[in-house]
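Given next are the chains, with one letter for each unit.
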Amino acid sequence: MAGAAMGCLAILIAAYGAHSLNLDAAAMQTFQTAFRYQMAHGLALLITGIVATRWAGWRLNAAAVLFVVGTVLFSGSLYLAAVTGVAWIGIITAPGGVALAAAWGLLFWAAFSAR
């Protein structure tokens, strides 16, 4: 459910950005980066949920939580920076990226442990 919701929100936010915001080229590039990461990690979250129906465990649960937290921090901070032009919001982007990397690591660990 969370993966599908994240994908839906990515589409809605991208449509809003494309049709309602008047961003310069650099801000639009930042906005598009946020969208790509949100969509990719929404799909990763969806796959994690599907895999968890077969191989449940704390690693998959933790990966799912980190995908959500990481995407909110990473993409959310990029969306805010693009729309507001406030560069210091970018300090939130790095912890989001770390959370996303940790989620992928936990997903790998879960797959490795399940074999």
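Our subject in this report is the structure included herewith. Bear in mind the structure is a predicted one, so any value in this text is a computation, not a measurement. (Residues numbered from 1 in each chain as written. Predicted model: local features only at pLDDT ≥ 70, side-chain atom pairs only at ≥ 80, totals over all residues. Heavy atoms only, no water.)

### Overview of the nonpolar core
Applied cut-off: For this analysis, a nonpolar core means a set of buried residues of the types Ala, Val, Leu, Ile, Met, Phe, Trp, Tyr and Cys, connected via side-chain atoms within 4.5 Å. Think of it in three bands: with a 1.4 Å probe and only protein chains considered, a residue is buried below 20% of the maximum accessible area for its type, exposed above 50%, and partly exposed in between. Helix and strand labels come from DSSP, where a helix needs a run of H or I of at least four residues and a strand needs a run of E of at least two; each type is numbered from the N terminus.
In this structure, Leu-23, Phe-31 and Phe-67 are the most contacted members of the largest nonpolar core, which totals 20 residues. Where this core is concerned, the elements lending two or more residues are helix 2 (25–52), helix 3 (58–84) and helix 4 (93–114). Per-element accounting of this core gives the leading share, seven residues, to helix 3.

### Here we look at a nonpolar patch on the surface
Formally: Nonpolar side chains (Val, Leu, Ile, Met, Phe, Trp, Tyr) within 5 Å and like charges within 9 Å form the patches, drawn only from residues with over 30% relative accessible area and no salt bridge. All accessibility values rest on the Shrake-Rupley procedure with a 1.4 Å probe; residue burial counts only the protein chains present in the view. One speaks of a salt bridge when a side-chain nitrogen belonging to Lys or Arg is within 4 Å of a carboxyl oxygen belonging to Asp or Glu.
A cluster of nonpolar side chains, contributed by Trp-58, Phe-108, Trp-109 and Phe-112, occupies part of the molecular surface with about 500 Å² of accessible area. Considering every element that reaches the nonpolar patch, the biggest residue donor is helix 4, with three residues. Take Phe-108: it is sitting in helix 4. Taking relative accessible area as the criterion, Phe-108 reaches 58% and is therefore assigned exposed.

### Some points on the side chain of Gln-38
To keep it simple, the criterion reads: Residues adjacent in sequence count toward polar contacts only when both atoms are side-chain atoms; beyond that, a polar contact is any pair of N or O atoms within 3.5 Å, and within protein one must be able to donate a hydrogen and the other to accept it. The contact definition used throughout considers only heavy atoms, calling two residues in contact when any of these lie within 4.5 Å.
Relative to the elements of secondary structure, Gln-38 occurs in helix 2. Here the side chain of Gln-38 touches Met-6 through a polar contact of 3.2 Å, landing on its backbone oxygen. In contact with Gln-38, other than residues within four places in its own chain, are Met-6, Leu-9, Ala-10, Ile-13, Thr-71, Ser-75 and Tyr-79.

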